[in-house]
Amino acid sequence: MTTDTRDARDTRLRLLDAASELFHSRSYHAVGVKDICDHADVKRGSFYYFYPSKEALAIAVIERHWAVVVHDVLEPTLESDGPALERVLGFMTALHGWAERVIGSKRPIPGCPFANFAVELATQEEPIRMIIAGAFDRIT
């Protein structure tokens, strides 16, 4: 991987991390592109190089959270063999562990990232609503 490729990957990940943290702690509408860029220590032009809009970045944040939930929570617990009750208890334990990692030491607890997006944007941002609805459907 070249230095430019590494730098671009690092910049994209910094934007994703910053947006994830800010959307979760403050809300989607309370955070602007400038806030995300400042938090990520990235120039605004770099933001638009990687993401055409704040909505596109929010979708990337949700998709990353979802990939981690599938990998760390759903697959190892619900797709395993064993009694249903053990799998459900394993699911709840793994979900709690994921939530603790997402929340970290934040107090007060800012809530579930999926539910926060759902509550805030359900009637406003159709692409985000569809992704969140799909995640909830798959969990169910």
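Note that the structure is predicted; figures quoted are calculated from it, not measured. (Residues numbered from 1 in each chain as written. Predicted model: local features only at pLDDT ≥ 70, side-chain atom pairs only at ≥ 80, totals over all residues. Heavy atoms only, no water.)

1. Description of the overall build of the chain
Here comes step 1: Helices and strands together make up the secondary structure of the chain, namely seven helices and zero strands.
Here comes step 2: In the chain, the succession of helices and strands from N to C terminus is α-α-α-α-α-α-α.
Here comes step 3: Projected onto its principal axes, the C-alpha positions of the chain cover 50 × 40 × 30 Å.
Here comes step 4: Counting across all 140 residues of the chain, residues that qualify as buried make up 35%.
Here comes step 5: For the chain, the proportion of contacts with a sequence separation of at least 24, taken over those separated by at least 6, is 57%.
Here comes step 6: With an accessible surface of roughly 8,300 Å², the chain has 57% of that area assigned to carbon and sulfur atoms.
Here comes step 7: Mean positive and mean negative side-chain charge positions of the chain (16 and 20 charges, respectively) differ by 5 Å. (Helix = DSSP H or I, 4+ residues; strand = E, 2+ residues; numbered from the N terminus. Buried < 20%, exposed > 50% of the residue type's maximum accessible area, 1.4 Å probe, protein only. Contact = heavy atoms within 4.5 Å. Areas by Shrake-Rupley, 256 points an atom, 1.4 Å probe, with all protein chains shown as cover. Lys, Arg positive; Asp, Glu negative; His and termini not counted. Charge placed at Lys NZ, Arg CZ, Asp CG, Glu CD.)

2. Brief notes about the packing of helix α4 (residues 54-78) against helix α6 (residues 113-121)
Here comes step 1: Taken N-terminus to C-terminus, the directions of α4 and α6 make an angle of 145 degrees; their axes are 10 Å apart at the nearest point. In this structure, α4 meets α6 at a crossing whose hand is left-handed. Side by side, α4 and α6 meet where A58, V61, I62, H65, W66 and V69 of the first sit next to P113, F114 and F117 of the second. (Axes fitted to C-alpha atoms, helices over the stretch in contact; angles between N-to-C directions. Left-handed = near helix turned anticlockwise from the far one by under 90°.)

3. Examining the nonpolar core
Here comes step 1: Counting residues in hydrophobic clusters, the biggest one holds 37 residues, and the most contacted among them are L15, F23, I36, L57, F117 and I128.
Here comes step 2: Among the elements of the structure, α1 (3-26), α2 (33-40), α4, α5 (84-103), α6 and α7 (126-139) are those that each provide at least two residues to this core.
Here comes step 3: The dominant element in this core, judged by the number of residues it contributes, is α4, at 11 residues.
Here comes step 4: When sequence neighbours within four positions are dropped, the list of residues in contact with I128 reads Y28, E55, A58, I59, I62, F117 and L121. (Core = buried A, V, L, I, M, F, W, Y, C linked by side-chain atoms within 4.5 Å.)

4. Details of the confidence of the model for the chain
Here comes step 1: Mean pLDDT over the chain stands at 87; residues scoring 70 or higher make up 94%.
Here comes step 2: Mean pLDDT across the secondary structure elements of the chain bottoms out at α6, with 84, and peaks at α2, with 97. (pLDDT = per-residue confidence, 0-100.)

5. Quick notes on the packing of aromatic side chains
Here comes step 1: Within this structure, the stated rule accounts for eight aromatic pairs.
Here comes step 2: Centroid distance F23 to Y28: 5.3 Å. Interplanar angle 50 degrees. Geometry classified as tilted. Here the two residues F23 and Y28 agree in accessibility, since each one is buried.
Here comes step 3: Taken together, the ring pairs in this structure connect F23, Y28 and F117 into an aromatic cluster.
Here comes step 4: A cation sits over an aromatic face here: K54 above Y28, 4.2 Å from the ring centre. (Phe/Tyr/Trp six-rings, centres within 6.5 Å; stacked < 30°, edge-to-face > 60°. Lys NZ or Arg CZ within 6 Å of the ring centre and 35° of its normal.)

6. Some words on unusual backbone geometry
Here comes step 1: Residues other than glycine seldom take positive phi values, yet S27 does so here, at roughly 110 degrees.
Here comes step 2: Since its relative accessible area comes to 22%, S27 is described here as partly exposed.
Here comes step 3: Phi at D41 takes a positive value of approximately 55 degrees, unusual for a residue other than glycine.
Here comes step 4: Mapped onto the elements, D41 comes out in the loop between α2 and α3 (44-50).
Here comes step 5: Its relative accessible area of 65% is what places D41 among the exposed residues.

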